[in-house]
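Okay, here's what each chain looks like letter by letter:
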Amino acid sequence: MAAEVVHRVVQGDVAVITIDSPPVNSLSRPVVEGLVAAVNAANQNDAVKAIVVHGAGGNFVAGADIGELKEAAKQAGKGQVAANLAVALEDFEDNAKPIVMAIDGFALGGGLELAMSGQWRIGTTKCRVGLPELSLGLIPGAGGTQRLPRIVGPQLAAEMMLASRQAKAPEALDAGIVQALVEPDALLDAAMTAARKLAAGELTPVQASRDESKLPSADEAKQLVDMAIGMMGAKGRNLIHPQLCLDAMLCGITEGYSAGLKREEENFRKCLVSPQAQGLIHMFFAPRAATKVPGVTDQNLKPAKIATAAVLGGGTMGSGIATSLLQSGVAVTLKEINAEALAAGQGRIESNLMSRVKKGRISQAKYDEMMSRLTAQTDYSGFNKMNIVIEAVVDNIKLKQAVFSDLESATGPKCILASNTSTIDLDVIGKKTSAADRIVGTHFFSPAHVMPLVEVVRGKNTSVETLNTTIALVKALKKTPVTVGNCVGFLVNRIFFPYGQVAGFLVDHGVDPYAIDKALFDFGMPMGPFRMGDLAGIDVAKFAGGILADAYADRVYQSTLVDYLFDAKRFGQKTGHGYYIYEDGKTATEDSSLAELVEKARKDAGTPPALEVTDNDIVEWTLLGVVNEACRCLDEGIAIRASDIDVASVMGMGFPPYRGGLMKYADTLGAKYIADRLTGWSEEYGPAFAPCKYLLDKAAAGGSFVD
Ligand SMILES: NC(=O)c1ccc[n+]([C@@H]2O[C@H](COP(=O)([O-])OP(=O)(O)OC[C@H]3O[C@@H](n4cnc5c(N)ncnc54)[C@H](O)[C@@H]3O)[C@@H](O)[C@H]2O)c1
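Residues numbered from 1 in each chain as written. Predicted model: local features only at pLDDT ≥ 70, side-chain atom pairs only at ≥ 80, totals over all residues. Heavy atoms only, no water.

Undergrad: What is the right way to read the site of the ligand from this model?
TA: Around the ligand sit 20 residues in total, of which Met317, Glu336, Asp395, Lys400 and Ser422 are the nearest. One of the side-chain nitrogen or oxygen atoms of Lys335 is found 3.3 Å away from a nitrogen atom of the ligand. Within the backbone of Val393, one N or O atom sits 3.3 Å away from an oxygen atom of the ligand. Expressed as a share of its isolated accessible area of 830 Å², the protein-covered part of the ligand is 77%. Mapped by element, the contributors of at least two residues to the shell around the ligand are helix 14 (316–327), helix 17 (397–410) and strand 15 (439–444). Top contributing element to the shell around the ligand by residue count: helix 17, with three residues. When the residues that make up the shell around the ligand are grouped by side-chain class, the tally is eight nonpolar, eight polar and four charged. (Near = heavy atom within 4 Å. Polar contact = N/O pair within 3.5 Å; in protein donor to acceptor, adjacent residues only side chain to side chain. Areas by Shrake-Rupley, 256 points an atom, 1.4 Å probe, with all protein chains shown as cover. Helix = DSSP H or I, 4+ residues; strand = E, 2+ residues; numbered from the N terminus. Nonpolar A, V, L, I, M, F, W, Y, C, P; charged D, E, K, R; others polar.)

Structure (structure tokens):
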């Protein structure tokens, strides 16, 4: 079995070992075993004087086998993958016959750890190296926390590991991660030449674990680590792996390489069994699962090519959607109602793309090329050539119905007609057309060119072909499609409806709004519900909240606090004043004048007795209703699977990914606990809190929401 994924050929006096495990040569157990066997065989062959290791298919090794890590995490860290690799790499580094690592494409995670155990490393101009283990809640587990600081110095090593940042070829060369760069087709020859020179003593081998020249004193190293932890700030809240990574690195500097390696293994195991790693590993697989839609993506249908797209409306959302389409190579026509609105929309697109130029992410030439694909107009001319039209006009049912009737006549019979509405029922939008099969929802999140999630909304008559092409388009935009059923609010806005409502309920029951925001921020949300209301706009929140309240009237609690803010024109961050004050336009400061409005709202609610709540209570009060609504969405088929809700909650609402998303978090509490708490609240405070049937059934049956 091992021989299938690792091949060895002897070319003269050099053994060339090829890792050949498509698609990306991940370091599965058979690959590690195959490598060890191939190096041993080369060592036993007297004709071989040196060894070259490289990857087939354009990559060295793109990382560990994450499926194996998931299994190991499940088995409480009993998996041996990383430990075995660490031992093998110690042997490789000390191998009597020199080993040259020839790196094309990705050398990431275990791949870079393998590369760093070589006695010479040659990269190609296309190589990319990094230790991204922390993005999975882990730390490098095969010597990475020890060898990288010795090669590049602890400061750069810490920065690369904490940010899971990949270095491109020139940086890899500058930092000493590779000793030379060549073009991909010259790689094997260059590596064999270096191998022969090493064997002949004409090159001095590099041995990462032996070289301490870049290590600072113990005191300096401690300061550096403290600074790195400080710089993580709020990003590091609730996480253990950044500290454990730095701890292993520091131990290796202050107590020596072997002690550091041992600490790394201990810390790796702590991470592997941590809920954070399990959450993040789940979040690695869940978005991939979300792109698979039974009955749609498994039908062997070829998605239609999307080369031309029109966007209706160049406001907040339309300009972001157009930006995203331009970035993925599509020719975009922007339509607005008049010249002034058109110029404003075009300006937004220009500034979205220009900010990428300013940040060095794209060149001026690329910007010019993208802008050359943008056409701006105020009529429907040329719409008969469009592959897709995405509507992002203001949320008004009559307007949208009229627009879709116009679109039906302006476009060809195969053109997909998509709506970006966040509140209006998709079937209602298409009611005045006979094109329901090609009408679909593409619910982007704001800012649309940045946010990674798109809810692909399936109307009653949306065709499988339309859905399949739309899903493919969202993937081409480098976003994650979550396909959802049609209902008011779709998935994210609907399930998070109780989040703000219950926060209002708690305020009416005497809980300080700022304490609510803080508890949820500390839990890991990017911001609490009141700060979020300010960001979205109190006017927008009131409007959207009203639509959701009408649709789900059997489970509504509405504090009048939002009305008082609205009446006072405290619309949130955009007006400099909402629940918070924004003196510089962006920094939220608590505002003592809110107390007066809170008192009025409390009076409207009949001044109920104040609730005594802990931070944990606040989190559960506000989030268990969200879980309850998510269960309804599973019951009604609005969401296909629980892990899709995890993806949507993380990518759409910023739910902490290290908790694995909403339903994985719900699993940590258990369906029974959640149902019992909701039942208790509903007995005391009314049916708005009552657990739904799906949740009660799950509580009775046991088992988890997420597989
Ligand atoms: N703003 C958000 O955070 C957000 C998030 C997700 C979805 N949405 C949805 O996106 C849609 C647009 O929202 P927005 O915030 O971008 O609104 P916006 O007010 O910023 O922009 C709407 C634009 O549509 C233009 N317009 C109106 N009628 C038109 C027509 N017939 N043809 C072409 N253009 C027309 C207006 O001139 C305006 O520029 C709404 O359906 C909304 O529900 C908004």
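Undergrad: It is not clear to me how the pattern of salt bridges should be interpreted in this structure. Could you clarify?
TA: Pairing between side chains of opposite charge can happen when their charged atoms approach one another. Across all of its chains, the model carries 30 salt bridges by this definition. Residue Arg210 pairs with Asp94 through a salt bridge whose shortest N-O separation is 2.3 Å. With a gap of 116 residues between them, Arg210 in the loop between helix 9 (187–199) and helix 10 (218–232) and Asp94 in the loop between helix 4 (81–93) and strand 4 (99–103) connect regions that are remote in the sequence. The residue Glu369 makes a salt bridge to Arg373 at a minimum N-O spacing of 2.8 Å. (Salt bridge = Lys/Arg side-chain N within 4 Å of Asp/Glu carboxyl O.)

Undergrad: I'm lost on the sheet that holds strand 5 (residues 106–108) in this one. Help?
TA: Two pairing modes exist for strands in a sheet, parallel and antiparallel, and in both the strands are linked by backbone hydrogen bonds. The sheet built from three strands is open, its strands ordered 5-7-8 with mixed pairing. Looking along the sheet, the strands with just one partner apiece sit at the ends: strand 5 and strand 8 (167–168). Of the pairings in the sheet, the one linking strand 5 to strand 7 (residues 128–130) comprises three bridges and is parallel in character. Residue pairing for strand 7: Leu108 is matched across the bridge by Gly130. (Pairing = 2+ DSSP bridges.)

Undergrad: Looking at this model, I keep getting lost on the packing of helix 6 (residues 144–152) against helix 11 (residues 241–254). Mind explaining?
TA: When two helices pack together, their arrangement is captured by the angle between the axes and the distance separating the axes. At a minimum axis distance of 9 Å, the contact between helix 6 and helix 11 shows a crossing angle of 60°. As for how helix 6 packs across helix 11, the hand of that crossing is right-handed. Contacts from Thr145, Gln146, Pro149 and Arg150 in helix 6 reach Cys245, Ala248, Met249 and Gly252 in helix 11. Tallied by class, residues from the contact of helix 6 with helix 11 come to four nonpolar, three polar and one charged. (Axes fitted to C-alpha atoms, helices over the stretch in contact; angles between N-to-C directions. Left-handed = near helix turned anticlockwise from the far one by under 90°. Contact = heavy atoms within 4.5 Å.)

Undergrad: Sorry if this is basic, but what is going on with the packing of aromatic side chains here?
TA: Any pair of aromatic rings gets described here by the distance separating the centres and the angle formed by the planes. Scanning the entire structure with this criterion turns up 18 aromatic pairs. A centroid spacing of 5.7 Å and a plane angle of 70° characterise the contact between Phe523 and Phe655, whose relative ring orientation is edge-to-face. Remark: Phe655 occurs in the loop between helix 28 (642–653) and helix 29 (662–669) and Phe523 occurs in helix 22 (residues 513–523); sequence separation between them is 132 residues. Summarising the burial analysis for this pair, Phe523 and Phe655 share the class buried. Ring centres of Trp621 and Phe689 lie 5.5 Å apart, and the angle between their planes is 80°; this geometry places the pair in the edge-to-face category. (Phe/Tyr/Trp six-rings, centres within 6.5 Å; stacked < 30°, edge-to-face > 60°. Buried < 20%, exposed > 50% of the residue type's maximum accessible area, 1.4 Å probe, protein only.)

Undergrad: What am I meant to see in helix 2 (residues 29–44) here?
TA: Count 3.6 residues to each turn of an α-helix, and residues three or four apart come out pointing the same way. An ideal rise of 1.5 Å per residue puts 22 Å on 16 residues; helix 2 measures up with 23 Å between its terminal C-alpha atoms. Of the positions making up helix 2, those classed as buried are Pro30, Val31, Val32, Gly34, Leu35, Ala38, Val39 and Ala42. (Expected span 1.5 Å × (residues − 1).)

Undergrad: Can you help me understand the packing of helix 7 (residues 154–162) against helix 11 in this one?
TA: Where helix 7 meets helix 11, the closest approach of the two axes is 11 Å, and the angle between their N-to-C directions is 155°. Between helix 7 and helix 11, the interaxial angle falls into the category roughly antiparallel. By crossing handedness, the relation of helix 7 to helix 11 is classed as right-handed. For the pair helix 7 and helix 11, contact is made by Pro154, Ala157, Ala158, Met161 and Leu162 and by Pro242, Cys245, Leu246, Met249 and Ile253, respectively. For the contact of helix 7 with helix 11, the per-class residue count stands at ten nonpolar, no polar and no charged. (Parallel < 35°, antiparallel > 145°, perpendicular 65-115°, else oblique.)

Undergrad: Even after reading the chapter, I still don't get unusual backbone geometry, so can you show me in this structure?
TA: Residues other than glycine predominantly adopt negative phi, and peptide bonds predominantly adopt the trans conformation. Note that the residue after Pro22, namely Pro23, is joined by a cis bond; omega there is 5°. Looking along the chain, the bond that leaves Ser446 and enters Pro447 is cis, with omega of -5°. Position of Pro447 among the secondary structure elements: in the loop between strand 15 and strand 16 (453–458). Here the phi dihedral of Asn25 falls at roughly 55°; this positive angle occurs in a residue that is not glycine. Following the sequence through the fold, Asn25 ends up in the loop between strand 2 (14–19) and helix 2. Classification of Asn25 as buried rests on a relative accessible area of 2%. Located in the positive-phi region is Asn238, a residue other than glycine, with phi close to 70°. By secondary structure assignment, the location of Asn238 is in the loop between helix 10 and helix 11. What makes Asn238 partly exposed here is its relative accessible area of 32%.

Undergrad: Looking at this model, I keep getting lost on the sheet that holds strand 9 (residues 180–182). Mind explaining?
TA: Across the sheet, six strands lie side by side as 1-2-3-4-6-9; this open sheet has mixed pairing. Strands at the two margins of the open sheet, each flanked by one partner only, are strand 1 (6–11) and strand 9. The average angle at which neighbouring strand axes cross in this sheet is 20°, direction not considered. Bridge count between strand 1 and strand 2: six bridges; the pairing is antiparallel. What sits directly across from Val10, in strand 2, is Ala15.

Undergrad: How should I be thinking about the side chain of Ser319 in this particular structure?
TA: Tracing the backbone shows Ser319 in helix 14. Residue Ser319 is classed as buried on the basis of its relative accessible area of 3%. Within polar-contact distance, the side chain of Ser319 engages the backbone oxygen of Thr316 at 3.3 Å. Dropping the residues within four chain positions of it, Ser319 is found in contact with Gly313, Gly314, Gly345, Arg348, Ile349 and Asn352.

Undergrad: What am I meant to see in empty space enclosed by the protein here?
TA: Once rolled over the atoms, a probe with the size of a water molecule shows which space is left empty. The tally for this structure, following the rule as stated, stands at three cavities of 30 Å³ or more. Space inside the largest cavity adds up to approximately 150 Å³. Lining the largest cavity are 14 residues, and of these Pro498, Gln501, Val502, Arg555 and Ala688 lie nearest its centre. Those elements giving two or more residues to the lining of the largest cavity turn out to be helix 21 (497–508) and helix 27 (615–635). (1 Å grid on protein atoms, 1.4 Å probe; cavity = no way out; pocket = protein on both sides within 12 Å on 5 of 7 lines; lining within 4 Å. Points joined across faces, edges and corners; volume = space filled by probe spheres on them.)

Undergrad: Whenever I open this one, the nonpolar core confuses me. Can you help?
TA: Leu491, Phe496, Leu623 and Met663 are the most contacted members of the largest nonpolar core, which totals 96 residues. Here this core takes eleven residues from helix 27, the largest share from any one element. Excluding residues within four positions of it along the chain, Phe496 makes contact with Met525, Leu623, Val626, Ser649, Met653 and Phe655. The next biggest cluster of nonpolar side chains, apart from the first, holds 72 residues, and it includes Val39, Ala107, Ala158 and Ile253. (Core = buried A, V, L, I, M, F, W, Y, C linked by side-chain atoms within 4.5 Å.)

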